[in-house]
Each structure stands twice: as C-alpha cells, then as structure tokens.
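Chain by chain, the residues:
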Amino acid sequence: MGTDQSAAFSLDALRDRLAYQPLLLGGVALVAGTALTLASNATRAPIAAAEAHDTQMTLAQVLPAGSTDNDLLKDVLELPGPAAGSTRRIHIARKAGVVTGAVFNVSERGYAGEIRLLMAVDPAGRVLGVRVLKHTETPGLGDKIEIARNPWITSFNGHSLGDPAAEQWAVRKDGGIYDSFAGATITPRAVVKAVKGGLDYFAAHRNEILGAQP
C-alpha cells in the first residue's frame, strides 16, 4: 500500500511540475515582452527626433539660406509619383507664406545600383540645389557625386529645362554640358538624367505645387 501511495505521490508531483513549467515560461515571456515594449516606447521618441533633425538638415542643404521660414517637415504635399501607383512627397518651402521652392526625391539606376537624390526647385523651375541621399557607386570613381568629395553636384544650380537646351542635358561625352568622371561616365550620366527628370516632374505639377496650401 505504501508503494502505491509513493508512486501516486510521484505521479502527482510530476504532473504539478509539468503544469508549472508552461506557467513559468509564460511568465518569463510576459515579463520579457513587457520589457521590450517599454524599451521600444522609451526609445521611439528620441529616434524619431533624431530622424526629423537629420531630414531637416538635409532639406536645408538644397535650399538657399534664409529662403524659408516654415516647417518643411510638416508642409508636405502628396502627389502621384512617376511610376504607376506610386506617390511622391513634396516638401514646400515658404517665406512669409509665399512658396519659394519645392524639395523632393528623384532617382536613377547608376553603375552599381540606384542613386537617390534630393533636389530643390524654385517657382520658376530652376534648380536650387541637389544632394546625394544614397548610392552604391564605386569608391574613388562614382562617389565623386557626393558633395563631400567633389563639388560636381553643384553644377546643376541655377539650371532649368530651357537652360541648357534639352539636348544639352547630358554629360559632355554625350554632347551635353556636364562633366563626367574618368572611368565613371555611367554615374554622372544617371545623375543628370535624374535631375532632368525632376525638372520635368516639377513642370508637370507646377500649378499643384505652387498652389499648395500650408
């Protein structure tokens, strides 16, 4: 009888232990999940603030100093993008309520991948500034499109669809006015095409952009 009771006791203890383990694991998972949620909530605001600051600084690089007094991060217009079903965010620059420029992203395929640019255009359709946001071009060759490595990207400033003429919106090797880099013609060619495409886009949506309400 004692043996039977001992066996029953052992089985009951085993059952209790097996039942306890899922509860323990569940508790650990709950505590870990709560900790991760709290950590995520605690870091979300600082990360968002840092990203907003970086975006603000980048936007300022393509606009003349003192040309805007509005919040470029909030004064945004959503328009159809160049690709079917896509959209394009246009940051509207204003001074005393008057539109002074439009800032948006453009991109083209370079030698090693997509080249993403940020460009600003004034109400008359002239380029105010262009900067590279992202690229994977060859170091020492294609990376000369970066302002930190070469001032070449500033050669677009002041240009428009009519200045230069349409056929001159190309690198010199292709009969245009823009310099290329030795051993890396594909990269500047892509940037020229992207900027020209940005001006075409602005011209097509000029009334919507200039008429955007703050």
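The present account deals with the structure reproduced in this document. (Residues numbered from 1 in each chain as written. Predicted model: local features only at pLDDT ≥ 70, side-chain atom pairs only at ≥ 80, totals over all residues. Heavy atoms only, no water.)

Regarding the sheet that holds strand β2 (residues 87–95)
Next, step 1: Taken together, the five strands give an open sheet; going across it, the order is β1-β2-β3-β4-β5, and neighbouring strands pair in antiparallel fashion. Both outer strands of the open sheet, β1 (76–80) and β5 (127–134), are each paired with one neighbouring strand and no more. Neighbour to neighbour, the strand axes of the sheet diverge by 25° on average, direction disregarded.
Next, step 2: Note that β1 and β2 share five bridges and pair antiparallel. Looking across to β2, one finds that P80 is bridged to T87. (Pairing = 2+ DSSP bridges. Helix = DSSP H or I, 4+ residues; strand = E, 2+ residues; numbered from the N terminus. Axes fitted to C-alpha atoms, helices over the stretch in contact; angles between N-to-C directions.)

Structural notes on helix α2 (residues 186–204)
Next, step 1: Here α2 contains 19 residues, and its C-alpha end-to-end distance of 27 Å stays within 8% of the 27 Å for a straight helix at 1.5 Å per residue.
Next, step 2: Every buried residue of α2 is listed here: T187, P188, A190, V191, V192, A194, V195, G198, L199, Y201 and F202.
Next, step 3: Its buried side turned inward, α2 meets β1, β2, β3 (98–109), β4 (114–121), β5 and α3 (206–210). (Expected span 1.5 Å × (residues − 1). Buried < 20%, exposed > 50% of the residue type's maximum accessible area, 1.4 Å probe, protein only. Contact = heavy atoms within 4.5 Å.)

What about unusual backbone geometry?
Next, step 1: Residue P164 is reached from D163 by a cis peptide bond, and omega for that bond is 10°.
Next, step 2: Here P164 shows up in the loop between β5 and α2.
Next, step 3: The phi dihedral of A96 is positive, around 55°, even though this residue is not glycine.
Next, step 4: When you line up the elements, A96 lands in the loop between β2 and β3.

Things to note about the packing of aromatic side chains
Next, step 1: Going through the model one piece at a time under the given rule, you end up with six aromatic pairs.
Next, step 2: The interplanar angle of 15° and the centroid separation of 6.2 Å between the aromatic rings of F156 and W169 together place this pair among those described as stacked. On the criterion of sequence distance, the pair formed by F156 in the loop between β5 and α2 and W169 in the loop between β5 and α2 is long-range, its members being 13 residues apart.
Next, step 3: Through a chain of ring-to-ring contacts, three or more aromatic side chains come together here, namely W152, F156, W169, Y178 and F181.
Next, step 4: Above the face of the Y201 ring, R88 is positioned so that its terminal group lies 4.3 Å from the ring centre. (Phe/Tyr/Trp six-rings, centres within 6.5 Å; stacked < 30°, edge-to-face > 60°. Lys NZ or Arg CZ within 6 Å of the ring centre and 35° of its normal.)

Considering the nonpolar core
Next, step 1: Formed by 33 residues in total, the largest nonpolar core has its most connected members in I90, M119, F156, V191 and V195.
Next, step 2: Of all the secondary structure elements, the ones that give two or more residues to this core are β1, β2, β3, β4, β5 and α2.
Next, step 3: Sorting elements by how many residues they give to this core places α2 first, with eight residues.
Next, step 4: Once residues lying within four places of it in the same chain are set aside, the contact partners of I90 are D75, V76, L77, L79, A102, V103, F104, Y201 and I209. (Core = buried A, V, L, I, M, F, W, Y, C linked by side-chain atoms within 4.5 Å.)

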